[in-house]
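Fold and contact review
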Amino acid sequence: MLAIPKIRKIVLRNEHVRMMLEEVHRVYPQEACGVILGQFEPDIARAQEVVFTRNAADSSVRFVVDAEELYRILVRAEDEGKDMVGIFHSHPTTAVPSGVDQPFMEINPVVWVILGTLSEKIDISAYQWFDNAIYPVEIVIENLEEDIGK
Ligand SMILES: [Zn+2]
């Protein structure tokens, strides 16, 4: 795809956040990871689907989205007319990009959604690398669970 614009906000559905929390608990203490598929319109990233992948780094302090899984996901996404609008991962600490994340954010300047697991409360934030800096991206959570029949 073409260069990704500066994204002002990412719209997630309630169920996406619930699935992220479930995945984080499932793989704990490893970092959970996955990709967020949807549409850019044009300074908003609208999530349609979150697809979790294996953490190929097998680590509690960093993550690597499994390359083969990512390839399959991106081929399917293209068939379905979806873009990879975001990358999701969890932190054993807070939902702030780490020094390890920064170079990968630069290579993949989509919206990075991070879920911190240190707090009892839901700690979720989004960021984007743009123009040589990390910018916060507002997260809007829409409740569409009823609409999809759940
Ligand atoms: Zn990280």
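For the structure itself, look to the data block above.
Residues numbered from 1 in each chain as written. Predicted model: local features only at pLDDT ≥ 70, side-chain atom pairs only at ≥ 80, totals over all residues. Heavy atoms only, no water.

The protein atoms that coordinate the zinc ion are H89 (NE2), H91 (NE2), D101 (OD) and D101 (OD), at distances of 2.0 to 2.4 Å. Bound by four donor atoms, the zinc ion shows angles of 57 to 154 degrees at the metal and therefore irregular coordination geometry. With a relative accessible area of 4%, D101 lands in the buried category. (Donors = N, O, S within 2.8 Å, 3.2 Å for Na, K, Ca; no water. Tetrahedral: all angles 85-135°; square planar, octahedral: opposite > 155°, others 65-115°. Buried < 20%, exposed > 50% of the residue type's maximum accessible area, 1.4 Å probe, protein only.)

Moving on, we come to the nonpolar core. Residues I10, L12, M20, I36, F88, V111 and V113 are the most contacted members of the largest nonpolar core, which totals 40 residues. Sorting the residues of this core by element identifies β1 (9-13), α1 (14-27), β2 (33-40), β3 (44-53), α2 (67-79), β4 (83-91), β5 (111-116) and β6 (123-130) as the ones contributing at least two each. Beyond its immediate chain neighbours, meaning those up to four positions away, V113 contacts I10, M20, I36, I87, F88, H89, I124, S125 and A126. (Core = buried A, V, L, I, M, F, W, Y, C linked by side-chain atoms within 4.5 Å. Helix = DSSP H or I, 4+ residues; strand = E, 2+ residues; numbered from the N terminus. Contact = heavy atoms within 4.5 Å.)

To continue, consider α1. Taking 1.5 Å as the rise per residue, α1 with 14 residues should run 20 Å; its terminal C-alpha atoms sit 21 Å apart, in good agreement. Along α1, the positions that sit buried rather than exposed are E15, H16, V17, M20, E23, V24 and V27. (Expected span 1.5 Å × (residues − 1).)

Attention shifts here to the pairing of β1. Burial within β1 is extensive, with four of its five residues counted as buried. Examined bridge by bridge, β1 and β3 share three bridges and lie parallel to one another. Within β3, the residue paired with K9 across the bridge is I44. (Pairing = 2+ DSSP bridges.)

Turning to the sheet that holds β6, a few remarks are in order. Sheets are built from strands paired through backbone hydrogen bonds, the pairs being either parallel or antiparallel. The mixed closed barrel is built from seven strands, whose spatial order is β1-β3-β2-β4-β5-β6-β7. The average angle at which neighbouring strand axes cross in this sheet is 35 degrees, direction not considered. With six bridges joining them, β4 and β5 adopt parallel strand pairing. Bridge pairing in β5 links G86 to V111. Its contacts with the sheet put α1 on β1, β2, β3, β4, β5, β6 and β7 (133-142), and the angle it makes with β3 is roughly 30 degrees. The strands touched by α2 within the sheet are β2, β3 and β4, with β3 carrying the most contacts at an inclination of about 135 degrees. (Axes fitted to C-alpha atoms, helices over the stretch in contact; angles between N-to-C directions.)

The terminal C-alpha atoms of α2, which comprises 13 residues, lie 19 Å apart, in line with the 18 Å expected from a rise of 1.5 Å per residue. Within the sequence span of α2, burial applies to E69, I73 and A77. Buried residues of α2, viewed axially, fall in a sector of 70 degrees; they line one side. Turned more than 90 degrees off the buried face of α2, the exposed positions are A67, E68, Y71, R72, E78 and D79. Those residues of α2 that are buried lie in contact with β2 and β3. One side-chain oxygen at the N-terminal end of α2 lies 3.3 Å from the backbone nitrogen of E68; it belongs to D66. (Arc of directions from axis to C-beta. Polar contact = N/O pair within 3.5 Å; in protein donor to acceptor, adjacent residues only side chain to side chain.)

Turning our attention to unusual backbone geometry. In this model, Y28 is joined to P29 through a cis peptide bond whose omega is 5 degrees. Looking at where P29 falls in the secondary structure, it is placed in the loop between α1 and β2. A positive phi is found at D58, a non-glycine position, where the angle reads about 50 degrees. Here D58 shows up in the loop between β3 and α2. A positive phi angle is found at D131, which is not glycine, with a value near 50 degrees. The topology assignment puts D131 in the loop between β6 and β7.

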